[in-house]
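# Structure assessment
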Amino acid sequence: MRAGWRLLALVAGVAAGVWLWSTLFPHPEKVIRARLSEIADLMSFPANEPPLAAMTEVQQLCARLSPDIEVRVDAPGFGRHTLQGRDRIREAALQFRSAVNGAHVRFPDIRINLHPDRRAAEVFVTVAARLPSEPDPVVQEMRLEMRKLGGDWRLARAETVRPLR
Amino acid sequence: MESRNGTPTLAMRQVTQHGEGRSRLLKRLIWGRNPRRTLLRAALLAATAFVLFRFLLLPVQVRGQSMWPTYRDRSWNFVNRLAYWGGAPRRGDVVCIRFTAGEHILILKRVVGLPGEAVAFRAGRLFINGQPIEEPYVRTPCDWDEPERRLGPDEYYVVGDNRAMPAADHWHGITDRWRIVGKVLR
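Model, not experiment: these values are computed from the prediction. (Residues numbered from 1 in each chain as written. Chains lettered and ligands numbered in written order. Predicted model: local features only at pLDDT ≥ 70, side-chain atom pairs only at ≥ 80, totals over all residues. Heavy atoms only, no water.)

## A short note on the overall build of chain B
To be explicit about the condition: Each helix is a run of H or I in the DSSP string that is no shorter than four residues. Each strand is a run of E no shorter than two, and both are numbered from the N terminus. Relative accessibility under 20% of the residue-type maximum defines a buried residue, over 50% an exposed one, and the middle range a partly exposed one, all with a 1.4 Å probe and only protein chains included. The criterion used for residue contact is that any of the two residues' heavy atoms lie within 4.5 Å. For accessible areas, the Shrake-Rupley method is used with a probe of radius 1.4 Å. Any residue's cover is judged against the shown protein chains and nothing else.
On a plain count of helices and strands, chain B comes out with 2 helices and 11 strands. The N-to-C order of helical and strand elements in chain B reads α-α-β-β-β-β-β-β-β-β-β-β-β. Of all 186 residues assigned to chain B, the portion counted as buried reaches 38%. Here the contacts in chain B between residues at least 6 apart in sequence split such that 53% fall between residues at least 24 apart. As presented, chain B carries roughly 11,800 Å² of accessible surface, and 58% of it is formed by carbon and sulfur atoms.

## Thoughts on the overall build of chain A
Stated formally: We take the radius of gyration over the C-alpha atoms and set the globule estimate at 2.2 Å times the residue count to the 0.38 power. Two residue types count as positive, namely Lys and Arg, and two as negative, namely Asp and Glu; His and chain ends fall outside the count. Where a charge lies is defined by one atom per residue type: Lys uses NZ, Arg uses CZ, Asp uses CG and Glu uses CD.
A count of helices and strands for chain A gives 4 helices and 6 strands. Starting at the N terminus and walking to the C terminus, you meet the elements of chain A as α-α-α-β-β-α-β-β-β-β. A globule of 165 residues ought to have a C-alpha radius of gyration of about 15 Å, yet chain A, at 20 Å, is considerably larger. Burial analysis of chain A (165 residues in total) assigns 38% to the buried set. A fraction of 50% describes how many contacts in chain A between residues 6 or more apart in sequence connect residues 24 or more apart. A total of about 9,900 Å² of accessible surface is found on chain A, and carbon and sulfur atoms cover 60% of it. Counting 24 positive and 19 negative side-chain charges, chain A places the centres of these two groups 7 Å from one another.

## Side note on the sheet that holds strand β4 (residues 106-113) of chain B
Residue and element names in this part refer to chain B. Note the threshold: Strand pairing is assigned whenever DSSP detects at least two bridges linking the two strands. Helix axes are fitted only over the stretch in contact, all axes being lines through C-alpha atoms; the angle between N-to-C directions runs from 0 to 180 degrees.
Read across the open sheet, the 7 strands follow the order β1-β2-β11-β3-β4-β9-β10; overall the sheet is antiparallel. Each of the sheet's edge strands pairs with one partner strand only, and the pair in question is β1 (57-61) and β10 (173-176). Neighbour-to-neighbour, the strand axes of this sheet turn through a mean angle of 50°, independent of strand direction. Relative to strand β11 (residues 180-184), strand β2 (residues 76-80) runs antiparallel, the two sharing 2 bridges. Within β11, the residue paired with Val 79 across the bridge is Val 184.

Structural data, given as structure tokens:
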């Protein structure tokens, strides 16, 4: 009986250790997923959003981007555009928020390919954006590049992918 | 309705018995005669449903108009994931195509071009290897013009049935074999 309790305590101790380790030193994939979830939340905004709230959210979004970020969009309805640098992204995001009255963005699928050095990752995401003007969500596949900069994972590159060429 | 010594009268007793009978019936309806066996059956049913609807027949809801009129917006269908285990997709099959990241959102299209073939649209008509192809499922007028494209060994040309849409707004083109999740049941 005493041995049983000892075994139980040992198992509980190991489980607590594993949990503590994964909390203090999370796997890069887990951190990247958390960052992407934050980015999706920051890209979403309610209808009739106050300008100050929009500014704050865009500022928070830009903090999750690398300074030399490059975004390449080539999609039906959007045309072909390339945006470079955080300032340009900030401008575009504010313009988008003022032009569209609300959006709900989510990434239903995420696939992460971590580089061997664990300082960069190639990420494929399916983006589903619900806009008030569209009856169905706008769906687009994107290829992202995440880089570890200053101890945190930031979005360094984003480009649209055509599943049908 | 109690007698003087506190025992329930006949009418009361009948009500109590009736209530007990009802709760017993309810219990039996929920748990069955043998609760352990009922739980086992429920677990087996749940496991079968999980395997069936996750690995064999994927339930999907159609969103959008690109497969109109064959598949209407918001209708429900099943994708047979085992359809191409023993063979390859054939011309005319309606298939679901996955994105690189996962399978939560799929693209519903019809296979019109097979590996090695040359596919083109001229004045809204589909041409395979230079020959016009009859497409009885296309019921809308079409004016698409697209240059001939030769498919690679593991490539398929897929397109929706609603050709009334402008070609630029209609997702169509070449997909790789690995992206085809299964055949849509009809």
